[in-house]
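Residue strings, one per chain:
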Amino acid sequence: MSTTDLPASHAELMDGVYRWQRHIYDLTRKYYLLGRDRLIAGLDVPAGGTVLELGCGTGRNIILAARHYPGARFLGLDISAEMLETATAALAREGLSGRVTLARGDATNFDAKALFGVESFDRVFVSYSLSMIPGWEKTVSAALAALSPGGSLHVVDFGQQEALPSWFRKLLRGWLKKFHVQPREALRDVLESESARVGASLRFRTLYRGYSWLGVIKIAI
């Protein structure tokens, strides 16, 4: 999918939301985007492997992952030109521009070969992006379609705060709504159904009393 084919309304919305927020995004989000580092540590990227992040945002996660797995090649996709500008600058500061390639695209419908020159990936991960993507279920399907045999999809996002007080859940939902974020109640069900569809296995964990959900779908070899 080319830049001109991107869904204009959502791309413009994300650019509008993060035009200024991107400058303080990492500083503020580190306090409540819980489970991201656990996801990165669990990627277990093979030597020389390829890793795609969908919804790479400011580049925070892909930079940490690239440091953690120095022998791998990383690629990042985001629909927001504003976020990609910040990510590109961050990669340059970290000296990682040669190992990480970024592209603008729609995570629900992307052509990996056209964007990156890569047919498939050993790992795909999505960190706190599904809760912001309209038609997010398509992102799960697209990610699985982009995996190599034996590859895995790693997802972390807001859970349903099922073991936390109701007042906390209400406050959190109200805050997230200001940024067009909606925790996906059906996330586990979709991961289970997509795993079954492609004959893959699913590991699903509830973190921090349901604050976050972490799922890993592994494709058979």
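Novice: So, the sheet that holds strand S3 (residues 100–104): which residues are in play, and what are the values?
Specialist: The seven strands lie next to each other as S3-S2-S1-S4-S5-S7-S6, forming an open sheet whose pairing is mixed. Edge positions in the sheet fall to S3 and strand S6 (201–207), since each has one partner strand and no second. Each neighbouring strand pair of the sheet contributes to a mean axis angle of 15 degrees, computed without reference to strand direction. Where strand S1 (residues 50–54) meets strand S4 (residues 121–127), three bridges bridge the pair, whose relative direction is parallel.

Novice: Kindly report on the pattern of salt bridges, identifying the contributing residues and their values.
Specialist: Pairs can form between side chains of opposite charge once their charged atoms are near each other. Inspection of the entire model under this criterion finds five salt bridges. Arg60 is the salt-bridge partner of Asp37, the closest N and O atoms lying 3.0 Å from each other. In this pair, Asp37 is assigned in helix H3 (residues 36–41) and Arg60 in helix H4 (residues 60–68), connecting sequence segments 23 residues apart. Residue class for Arg60 comes out partly exposed when judged on its relative accessible area of 22%. In this structure, the salt-bridge partner of Glu119 is Lys113, at a minimum N-O distance of 3.9 Å. The class for Lys113 is partly exposed, based on a relative accessible area of 45%.

Novice: Account for the pairing of S1, with residues named and values stated.
Specialist: Each regular strand shows side chains that alternate between the opposite faces of the sheet. Here S1 lies mainly inside the structure; five of its five residues are buried. Burial of the side chains of S1 extends over both faces: Thr50, Leu52 and Leu54 are buried on one face and Val51 and Glu53 on the other. Of the strand pairs in this sheet, S1 and strand S2 (residues 73–78) are connected by five bridges, and their pairing is parallel. Bridge assignment links Glu53 to a residue of S2, and that residue is Gly76. Note that the unit made of S1, H4 and S2 has a crossover that is right-handed.

Conventions and cut-offs
- Residues numbered from 1 in each chain as written.
- Predicted model: local features only at pLDDT ≥ 70, side-chain atom pairs only at ≥ 80, totals over all residues.
- Heavy atoms only, no water.
- Pairing = 2+ DSSP bridges.
- Helix = DSSP H or I, 4+ residues; strand = E, 2+ residues; numbered from the N terminus.
- Axes fitted to C-alpha atoms, helices over the stretch in contact; angles between N-to-C directions.
- Salt bridge = Lys/Arg side-chain N within 4 Å of Asp/Glu carboxyl O.
- Buried < 20%, exposed > 50% of the residue type's maximum accessible area, 1.4 Å probe, protein only.
- Right-handed = clockwise from strand over helix to strand, strands pointing away.

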